[in-house]
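Coordinate analysis (summary)
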Amino acid sequence: MMRRRLLDDKDVNHDMDLEHVLHLATRTAEDAFTEGTPPLRVLFIVTTLSEYDKGTRGTTQGADRLKDLVLPLIVDGVQTMVERGWHVDVYLICGFEKLQESRRQMIQDALPTGVGLEVWDDAIPYYYEKKFNQELKRPDQSIEFAPHGLSRQHRFVVRDKLMEYDFFSAFEDDMRITADHVVNFLEMSAQIDRARRAAERSPDGKAHVSPYMKDLRKVRGTSMDKATVGNDVVQDPMTADELRRLWPGFLRAEVIDDRNGQPHPLLTGSTPPLDNFKWKKFVPASMDYEQHFGSLDPNVCCDLDSPRTPPNPTKDDLLLWETDISAAGVRHYPGGIGWAATLTVEDKADVGSYWSGEGNTYNDPNFKRPRRIDSLLGQQAGWMATRSQVLYFHEHACPGGFLPHFDGKDWYHDSLQTRNGSVEFWSGGYQLFGRCRLNRILSLDPKRFSRQILYHSSNNKQRTKGRDKFIRFSYFLGQLYTVKERALRSLQG
């Protein structure tokens, strides 16, 4: 079998650069000057389809999306990074035909001093629409735009710039990404990698939880699908390969916005939907965590100075809609990782956790653990990674690779066909947490959990999605603590 060509032959073992990048990210500006080493180099990539809103999905037709939504987010996020002494460049990928020079200058003038700007406009690729057998869809098929392929284009940028930067952030245009998110991601990634190294050094080839609680269970659960583990994994030791597949994930949030004076659909009725969230009867929210471990910090994700977003959010203003407790599990992981929640993953890729539905929680013996269900995937609208993590994606984790050229059987010989080509695939969700077999985790530490929430600042889902999809993030974390309590009780046999 032909081996995929390595992008960086000097790093064939992919011994992770996480400790070095984490040091660059967390040192003070004074340390950077004293050490005399270059600053952390970050490429901040944003993909935007429209310069002005089209009036769809709860937006206002003709509103200046670039000026009023996208630019404040870029400036806000980049400023938090520059303040830490990082060197940041912005790469803007545009789906519209031409970014006028005056508009480009507007962006450059708004960015902090020293931040570079590169723009790729008219970036939507062309393709021939095909059937699943790769034949043209119609005999007279002509080449046409592939708007769904715009979200693929950042991969070409990353490949071109791979050796120029230490860290890459690539997200959709309405996501707020700050230095806090990056540092937390690096810290969690380093904790995972330290546990992996411990497993490699261990005589039994595994990393173990400490302290380990006595497990009195006489019978362990078995898989209900193609997973190699059951749904009752609480503190089992982990191999290096299993730990290599753990990944710090993100979830999108919106902030309750009732500034228009109209009754908010999530706050009205005799029992408002936010007080009667889905699965509440089966998995109530255990809110004691706020007294023992602290509350969510809404400012980390969602305190944004923008005309489109409500000011001064509280912890209970943060809304989740893209997954729910029925798709989640918890586990005590080795080393510094600690207790964390798990999001959906392909069954064959699951390294194990204690599922919220273990023990017939939902009073339905036929209820199976959700796997590849779009409404529960927990889309994060992008990804971030160090250079060596990108190389790991490309050369090891992802069949067919993570970067161009996208060819061969893993891509069905055409990366823009719909089975590969959705926005959600290229922005990371369906590929990284499906095809690439990565298991996303969310720390149960409220401080870290707050830094795994990303603001979807378009803030439009709360009025366009079904009311039963929404739950306050604070309640969702409370439900995860309920599952943790049940996992611990299960060890008593």
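**A few points about the packing of aromatic side chains**
- What the rule picks out here adds up to 28 aromatic pairs.
- Relative to Phe-367, the ring of Trp-355 lies with its centre 6.0 Å away and its plane at 25 degrees, an arrangement referred to as stacked. Taken together, the residues span a long stretch of sequence, with Trp-355 in strand 15 (residues 354-355) and Phe-367 in the loop between strand 15 and strand 16 (382-386) at a distance of 12 residues.
- In textbook terms, an aromatic cluster arises when at least three aromatic residues are bridged by ring pairs, as seen for Phe-167, Phe-171, Phe-185, Trp-247, Phe-250, Trp-383, Phe-393 and Phe-402.
- In this structure, Arg-155 packs its charged tip against the face of Phe-402, placed 3.8 Å from the ring centre.

**Some words on the state of the cysteines**
- Applying the stated criterion to the full structure yields two disulfides.
- Each sulfur in the disulfide pair Cys-301 and Cys-302 lies 2.2 Å from the other. Since a negative S-S torsion denotes a left-handed disulfide, the Cys-301-Cys-302 link at about -100 degrees is left-handed.
- For Cys-302, a relative accessible area of 0% translates into the label buried.
- Here Cys-398 pairs with Cys-436 through a disulfide, and the sulfurs are 2.0 Å apart. Disulfide Cys-398-Cys-436: torsion about the S-S bond near 115 degrees, hence right-handed. Residue Cys-398 is located in the loop between helix 10 (387-397) and helix 11 (418-421), and its partner Cys-436 is located in the loop between helix 13 (429-435) and strand 17 (439-443); the two are separated by 38 residues in the primary sequence. Take Cys-398 and Cys-436: they sit in the same class, and that class is buried.

**A look at the packing of helix 1 (residues 18-26) against helix 6 (residues 179-201)**
- One can describe the packing of helix 1 onto helix 6 by two numbers: an axis separation of 10 Å at closest approach and a directional angle of 150 degrees. Our classification of the angle between helix 1 and helix 6 gives roughly antiparallel. Classified by chirality, the crossing of helix 6 by helix 1 is left-handed. Residues Leu-18, Glu-19, Val-21, Leu-22, Ala-25 and Thr-26 of helix 1 form the contact with helix 6, whose participating residues are Val-183, Leu-186, Glu-187, Ser-189, Ala-190, Asp-193 and Arg-194.
- Residue composition of the contact of helix 1 with helix 6, grouped by class: seven nonpolar, two polar and four charged.

**Things to note about the pairing of strand 6 (residues 167-172)**
- In terms of burial, strand 6 is largely enclosed, as five of its six residues are buried.
- As judged from the six bridges shared by strand 1 (residues 41-48) and strand 6, these two strands associate in the parallel manner. Bridge pairing in strand 6 links Val-42 to Phe-167.
- In this structure, strand 6 lies alongside strand 16, joined through five bridges in antiparallel fashion. When the bridges of strand 16 are listed, Phe-167 appears paired with Thr-386.

Cut-offs used in this document
- Residues numbered from 1 in each chain as written.
- Predicted model: local features only at pLDDT ≥ 70, side-chain atom pairs only at ≥ 80, totals over all residues.
- Heavy atoms only, no water.
- Phe/Tyr/Trp six-rings, centres within 6.5 Å; stacked < 30°, edge-to-face > 60°.
- Helix = DSSP H or I, 4+ residues; strand = E, 2+ residues; numbered from the N terminus.
- Lys NZ or Arg CZ within 6 Å of the ring centre and 35° of its normal.
- Disulfide = S-S within 2.5 Å.
- Buried < 20%, exposed > 50% of the residue type's maximum accessible area, 1.4 Å probe, protein only.
- Axes fitted to C-alpha atoms, helices over the stretch in contact; angles between N-to-C directions.
- Parallel < 35°, antiparallel > 145°, perpendicular 65-115°, else oblique.
- Left-handed = near helix turned anticlockwise from the far one by under 90°.
- Contact = heavy atoms within 4.5 Å.
- Nonpolar A, V, L, I, M, F, W, Y, C, P; charged D, E, K, R; others polar.
- Pairing = 2+ DSSP bridges.

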